[in-house]
Amino acid sequence: MDLDDLRIFRAVVREGGITRAAARLHRVQSNVTTRIRQLEAHLGVPLFVREGRRLSLAPAGAVLSDYAERLLELADQARAAVADAAPRGRLRLGSMESTAAARLPTRLAAFHQRYPDVQLELHTGATAPLLAQLRAGELDCVLVCGPVADARLCAEPAFMETLALIAPAGHPPITRARDVRPLTLLTFAPGCAYRHRLEQWLASDGVLPERVIELASYHAMLGCVAAGMGIALAPLSLLDGMAASHAVSVHPLPAEHAPAPTLLVRRAGVDSPTVMALREVMLAGRMAGAPHGLSPRAA
């Protein structure tokens with residue numbers, strides 16, 4: 001088993017079949033098929049379940065996929081370390097949408113100016129799926145809501161957010177969950193750390209939401225709150241830059257629920273020059289954005 005075998009195997013997994021993998025690798029299909037069969041023969045186990053022309057990972061293939069990602073990344077790091085320690089190549093950064101909108105523009109601009117040879121890819125999503133992609137080797141580092149307890153990962157505080165309840169304009173002051181009307185949650189899909197915080201706050205007062213409406217962006221969420229559909233939870237740093245924030249009321253959360261650290265997380269032991277360069281930029285002025293002071297306001 002050599003690195004070229006692993007690259008071909010990874011391409012078949014990512015592309016979902018021989019034909020697309022061959023096109024991605026600029027190889028003929030018969031060559032890719034032969035190399036996969038040789039790899040299976042070498043390992044003594046089937047890596048794929050074949051149903052006509054359709055391929056799906058066998059259990060052994062799923063295990064190998066994780067190792068292949070890590071081995072190929074280590075090989076790339078070794079090659080870069082030997083050839084040139086300067087940050088270069090592709091860097092895949094995952095981030096919560098709120099962090100990407102409120103915190104990253106100036107830092108990514110500074111990173112790009114300082115390291116023009118790095119091709120930066122930004123992927124936004126919720127905390128749980130971003131961490132899953134990081135563990136699988138699909139992302140190089142992520143910015144997610146803490147805490148993160150996983151020995152395979154290295155997490156460092158980057159920003160401190162203050163979370164607040166967003167309600168329709170004119171909503172009476174909210175001091176506890178039972179003050180909310182209507183009790184419809186506007187939030188992201190499961191896996192969002194802020195959604196979990198909101199549900200925890202409700203549960204602390206023995207309250208269950210009457211309805212949960214899942215949305216894909218904060219702009220949609222804020223618009224729906226302004227229209228009177230329900231409440232949402234958002235960091236104040238994001239609201240400061242959103243034009244529609246004047247059309248809603250903002251209510252502080254209790255001190256035990258409001259602070260939300262954003263962590264920069266990478267796989268333990270992965271200290272490539274590119275990842276460490278991003279770390280340097282992201283952690284400059286560490287924990288910038290200390291909790292905002294907040295008093296309820298209505299528009």
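As the structure is a computational prediction, the values presented were derived from the model and not from experiment.

Asker: How would you summarise the packing of aromatic side chains if you had to cite specific residues and measurements?
Answerer: Pairs of aromatic rings are described using the distance from one ring centre to the other and the angle between the two planes. All chains considered together, the criterion is met by three aromatic pairs. On the numbers, 5.6 Å between centres and 55 degrees between planes, the contact of Phe9 with Phe48 is tilted. Placement of the pair is Phe9 in helix 1 (residues 3-15) and Phe48 in strand 1 (residues 48-51), with a sequence separation of 39 residues. Of the two residues examined, Phe9 and Phe48, each falls in the buried class. With centroids separated by 5.2 Å and ring planes inclined at 50 degrees, the aromatic side chains of Phe111 and Tyr115 adopt a geometry described as tilted. Its relative accessible area of 1% is what places Phe111 among the buried residues. The ring of Tyr67 has Arg70 sitting right over it, with the charged end atom 4.8 Å from the ring centre.

Asker: Got a sec to walk through the side chain of Asp5? Specific residues and values, please.
Answerer: Relative to the helices and strands, Asp5 is located in helix 1. When near neighbours in sequence (up to four residues on either side) are disregarded, Asp5 contacts Arg35 and Leu39.

Asker: I'd love a proper account of the confidence of the model for the protein, names of residues and values included.
Answerer: Averaged over every residue, the pLDDT of the protein is 87; the share at 70 or more is 92%. Across the protein, strand 5 (residues 141-145) holds the top mean pLDDT of 96, while helix 4 (residues 59-83) sits lowest at 81. Confidence drops under a pLDDT of 50 for residues 288-299, and excluding neighbours within four residues, the segment shows 37 contacts in the predicted structure.

Asker: Provide a residue-level description of the nonpolar core, including the pertinent values.
Answerer: Leu165, Ile166, Tyr194, Trp201 and Tyr218 are the most contacted members of the largest nonpolar core, which totals 41 residues. Mapped by element, the contributors of at least two residues to this core are strand 6 (153-168), strand 7 (184-187), helix 8 (193-204), helix 9 (218-226), strand 9 (232-235), helix 10 (236-239) and strand 10 (248-252). Not counting residues up to four positions away in its chain, the partners in contact with Tyr194 are Met96, Ser98, Cys145, Glu161, Leu163, Tyr218, Leu233, Pro235, Ala260 and Thr262. Ranked by size, the runner-up nonpolar core spans 19 residues in total, among them Leu93, Leu108, Ala158 and Leu278.

Rules used in this analysis
Residues numbered from 1 in each chain as written. Predicted model: local features only at pLDDT ≥ 70, side-chain atom pairs only at ≥ 80, totals over all residues. Heavy atoms only, no water. Phe/Tyr/Trp six-rings, centres within 6.5 Å; stacked < 30°, edge-to-face > 60°. Helix = DSSP H or I, 4+ residues; strand = E, 2+ residues; numbered from the N terminus. Buried < 20%, exposed > 50% of the residue type's maximum accessible area, 1.4 Å probe, protein only. Lys NZ or Arg CZ within 6 Å of the ring centre and 35° of its normal. Contact = heavy atoms within 4.5 Å. pLDDT = per-residue confidence, 0-100. Core = buried A, V, L, I, M, F, W, Y, C linked by side-chain atoms within 4.5 Å.

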